[in-house]
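Geometric and topological summary
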Amino acid sequence: MTTTEKNTAADREVTGASIRLDGVEKLYKGQSEPAVASLDLDIEAGHIVAFVGPSGCGKTTTLKMINRLIEPTAGKIYIADRDVTGVNPDKLRQQIGYVIQSGGLFPHWTVERNVGAIPRLLGWDKQKIAERTRELLELVGLDPDEFGKRLPKDMSGGQQQRVGVARALAADPPVLLMDEPFSAVDPITRVRLQDSLIDIHHKLGKTIVIVTHDFEEATKLGDKVCIFSKGGHIEQYATPAEILANPATDFVKEFIGSGATLAQLSLTRVRDVELQPVVTATVGEPSKDVIARAKAAKDKWVVVVDRKGHPRAWPSVKEIGTVPEISSYSDPRLPVVAPSSTLQDALDAMLSASQGGALVVDGRNTVQGWLRMADVTDIIRGQLDDAQPDEQGYTEFAEAEHGGDAS
Ligand SMILES: Nc1ncnc2c1ncn2[C@@H]1O[C@H](COP(=O)(O)OP(=O)(O)OP(=O)(O)O)[C@@H](O)[C@H]1O
Ligand SMILES: [Mg+2]
């Protein structure tokens, strides 16, 4: 059985601050029932906590009370053990990064100007702002020379979202709040953004609270997941593994429902699985040299990389044999995952590219190796066999898989 544990906060540097909600309540004007009623919640410094729950249960209200975009009607909020309910809200928000669905960028400002917004407000000098902006754009995977002067409208949704994250991190806040940041992008971009958030969190150790509609996303990102029901009532607040193994209430059972088997898959990471080595080739290289190298390594496929080592295509040795040199073709459907991707992501990538494997790249998009679909399905079977036999969903799925083998 592979490890399903995440990197605990213990093996990363913590720069984030703890957050504590103590009897927090929000009663909106003209409403008879509070949107959030008497909420107690402790978030450890350096953790990612994911808020999930049905529409209207109070996730956004709770998040916005943490940075006082919404004023609580009652209760106290502590950040790093300091009561912030009396602090000047503008000052408070300069110390809390905030990312919303569409990135929330100023449309008439260039990327640079957007990212430097808070440092400018804080009166940093120009040089320092320019350096910080470059550093952050690189951190979120955008080339500062290519994107710095662009306007948000000339970028994809995923790229805009990366700028949104860079902007939220600009003044190095200990806390980052994110409200459904990835819900407006396509599924593949979404996985990439999730992976880069995990990467950034690993590097920076901030405390992150992220609201999502998607339980699978919550289990992938959260050290802990907080499942809310109406009125900001906490049904369960625990690690993803605990929630899956022991749903605390019927509400939780129903909420995780059919997603539970899939969510189980999202607890195992690509980095937990042994990768296959790859033979790489560069554009313009004579095919016969590449074929000789592949044969020596007993490989049937070759990964074509550009000068920076980024993958472009994944042809077979046979295909290469039909041309004199390696072509510059770039495969738009190349299945690529990160070490922090879940097996669920990896399977999705393989299936949508109709390939029996996926390439694994590091944070710099350099190829590390490839993951075989057969290895993933073996692990899934192992997990399913380990699952309690009386868990209906798991056994049904396992039988279907074995049935498929026998036929
Ligand atoms: N400004 C407001 N005035 C009155 N009621 C509000 C206001 N904002 C939110 N509400 C109500 O408070 C409740 C909680 O809303 P909230 O936006 O926090 O839910 P949510 O969990 O974020 O939902 P969703 O998943 O749809 O984003 C809802 O019933 C909503 O209608
Ligand atoms: Mg909301």
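Structural notes, computed from the coordinates. Every chain is numbered independently, its residues counted from 1 as its sequence is written. Starting at A for chains and at 1 for ligands, labels are handed out in the order in which the entities are written. Only residues with pLDDT of at least 70 get local features here, since the model is predicted, and only at 80 or more are side-chain atom pairs given and counted; chain-wide, interface and lining totals rely on the full set of residues. Calculated side-chain values reflect all of the structure's heavy atoms, with hydrogen atoms and water omitted.

Helix numbering and strand numbering both begin at the N terminus, where a helix is a DSSP run of H or I of at least 4 residues and a strand a DSSP run of E of at least 2. A tally of helices and strands in the chain yields 17 helices and 16 strands. For every residue, the accessible area (1.4 Å probe, protein chains only) is compared with the maximum for its type, and the residue is labelled buried under 20%, exposed over 50%, or partly exposed between those bounds. For the chain, buried positions account for 48% of its 407 residues. For the chain, restricting intrachain contacts to residue pairs at least 6 apart in sequence, the fraction spanning at least 24 positions comes to 63%. When the accessible surface of the chain is split by element, carbon and sulfur atoms take 51% of a total near 19700 Å². Contacts are assigned to residue pairs that have any heavy atoms within 4.5 Å of one another. Only the protein chains shown count as cover for residues, and all accessible areas are computed by the Shrake-Rupley method using a 1.4 Å probe.

A pair of strands is treated as paired once DSSP finds two or more bridges between them. In spatial order, the strands read E14-E15-E16; together these 3 strands make up an open sheet with mixed pairing. Lying at the two open borders of the sheet, with one neighbouring strand each, are strand E14 (336-337) and strand E16 (367-372). Here strand E15 (residues 357-361) runs beside E16; their pairing, made up of 5 bridges, is antiparallel. By the bridge assignment, Val 360 is partnered in E16 with Gly 369.

What follows covers the pattern of salt bridges. The term salt bridge refers to a side-chain nitrogen of Lys or Arg lying within 4 Å of a carboxyl oxygen of Asp or Glu. Applying the stated criterion across every chain yields a total of 18 salt bridges. Salt-bridge contacts for Arg 132 lead to Glu 135; the nearest nitrogen and oxygen are separated by 2.8 Å. Here Arg 132 pairs with Glu 135, and both are found in helix H5 (residues 126-139), just 3 residues apart, close to one helical turn. Judged by its relative accessible area of 16%, Arg 132 falls in the buried class. Using a relative accessible area of 45% as the deciding quantity, one classes Glu 135 as partly exposed. A salt bridge links Lys 220 to Asp 345; its shortest N-O distance comes to 2.5 Å. In this pair, Lys 220 is assigned in helix H9 (residues 215-221) and Asp 345 in helix H15 (residues 343-353), connecting sequence segments 125 residues apart. Pair check on accessibility: Lys 220 and Asp 345 agree, each one buried.

This paragraph deals with the site of ligand 1. Any residue with at least one heavy atom within 4 Å of a molecule or strand is counted as near it. Taken together, Tyr 28, Gln 31, Ala 35, Ser 55, Gly 56, Cys 57, Gly 58, Lys 59, Thr 60, Thr 61, Glu 180 and His 213 are the residues near ligand 1. Whenever two N or O atoms come within 3.5 Å, that pair is a polar contact, provided that in protein one can donate a hydrogen and the other can accept it, and provided that, for residues adjacent in sequence, both atoms are side-chain atoms. Contact between ligand 1 and Cys 57: an oxygen atom at 3.2 Å from a main-chain N or O atom of the residue. Contact with the protein chains covers 59% of the free accessible surface of ligand 1, which is 640 Å². Each residue gets one of three labels, nonpolar for Ala, Val, Leu, Ile, Met, Phe, Trp, Tyr, Cys and Pro, charged for Asp, Glu, Lys and Arg, and polar for the others, Gly among them. Counted by class, the shell around ligand 1 contains 3 nonpolar, 7 polar and 2 charged residues.

Core analysis: the biggest nonpolar cluster contains 41 residues, and Met 178, Phe 182, Ile 210, Phe 215, Ile 227 and Ile 243 have the highest contact counts within it. Per-element tally for this core: the top contributor is helix H7 (residues 157-169), with 5 residues. Sequence-distant contacts of Met 178, defined by excluding residues within four places in its chain, comprise Leu 63, Val 99, Val 165, Leu 197, Ile 208, Val 209, Ile 210 and Val 211. With 27 residues, the next largest nonpolar core counts Leu 21, Leu 63, Ile 66 and Leu 92 among its residues. Put simply, buried Ala, Val, Leu, Ile, Met, Phe, Trp, Tyr and Cys residues joined by side-chain atoms within 4.5 Å make one nonpolar core.

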